[in-house]
Amino acid sequence: QEAFLVQLFSEGFFHADPHPGNILLLNESNTTDAKLALIDCGLMASIQQDDRDNMISAVIHLANKDYASLVDDFMKLKILPEDSDRAAIIPLMDKALSPYVKGGGAKKYEEELKKMYGMEEGSIQSQVGGFQAMTQDALTVMNDIPFSIPPYFAILGRAIVTLEGVALTGDESYGIIM
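This write-up is about the structure you can find in this document. Model, not experiment: these values are computed from the prediction.

### Examining the overall build of the protein
Along the protein, the regular secondary structure elements total seven helices and four strands. The secondary structure elements of the protein, listed N-terminal to C-terminal, are α-β-β-β-β-α-α-α-α-α-α. The buried share of the protein, taken over its 178 residues, is 33%. For the protein, restricting intrachain contacts to residue pairs at least 6 apart in sequence, the fraction spanning at least 24 positions comes to 55%. A total of about 10,700 Å² of accessible surface is found on the protein, and carbon and sulfur atoms cover 58% of it.

Here it is in C-alpha cells:
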C-alpha cells in the first residue's frame, strides 16, 4: 500500500496493474522488512499535481466521513459540477460510502448494505423491500446527480480495487481507507 501511495500522491506516476502476478517478494516473507518489486510496467498512468492534492484531501475527508467537504473535493476533481445539489448528494454519499470506510472489502460492504436496507432477516419481503430502496437510491444518483468520471479515474479505480483484493487475501478486515 505504501509503495502505491508514494507512486500516486508523491510521484504522480503509478503502476496501474498491481495484481499478484505483477508483485514479486524479494526476500523472506516472515521478516518485518519484506521487500516487494512491481514488474510488467506496461500499464502506467500519471496524475497532475492539482488532482493529486485534491485526491489527498478527498481521502482525508472520506476517512473522516466529512461528506460535505468531500462534495467540494469532487467538484474540484470535476466529478461533480460546481452547481451540484449538495443537500441531495451528501446523504447519498453517506449511505453509499460509510459502509465501505469500515473496511473488509466487497464482502463486508455487502453485509453493511444489507443491514442498512433491512435485508439481513432473510425473509423475501425484507429482501424485496431492501432491494427496492437500494435501487431507488441508485436511480436517484444516476438520474439526479450529474456526475462524470475523469479518464484517469477508471484506471486508478482498477488499480485500487486490485490492490485491495491482494491485501484482503492476507487480512480479511483490511480497509484501504483508515
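Here the narrative resumes, following the displayed structure.
### Observations regarding helix α3 (residues 67-76)
Looking at α3, one finds that the buried residues are Y67, S69, L70, V71, D73 and M75. Against the buried residues of α3 lie α2 (49-63) and α4 (86-101). Positive phi appears at K78, one or two residues downstream of α3, with a value of about 65°.

### Topic: the pattern of salt bridges
Overall, the coordinates contain two salt bridges when judged by the stated rule. A salt bridge links D72 to R86, with the nearest nitrogen and oxygen atoms 2.6 Å apart. In this pair, D72 sits in helix α3 while R86 sits in helix α4, placing the two residues 14 residues apart along the sequence. Taking relative accessible area as the criterion, D72 reaches 31% and is therefore assigned partly exposed.

### Things to note about helix α7 (residues 151-170)
Among all positions of α7, only Y152, F153, L156, A159, L163 and E164 are buried. One side of α7 carries all its buried residues, which in axial view fall inside an arc of 135°. Opposite the buried face of α7, by more than 90 degrees, sit the exposed residues P151, A154, V161 and T169.

The rules behind these values
Residues numbered from 1 in each chain as written. Predicted model: local features only at pLDDT ≥ 70, side-chain atom pairs only at ≥ 80, totals over all residues. Heavy atoms only, no water. Helix = DSSP H or I, 4+ residues; strand = E, 2+ residues; numbered from the N terminus. Buried < 20%, exposed > 50% of the residue type's maximum accessible area, 1.4 Å probe, protein only. Contact = heavy atoms within 4.5 Å. Areas by Shrake-Rupley, 256 points an atom, 1.4 Å probe, with all protein chains shown as cover. Salt bridge = Lys/Arg side-chain N within 4 Å of Asp/Glu carboxyl O. Arc of directions from axis to C-beta.

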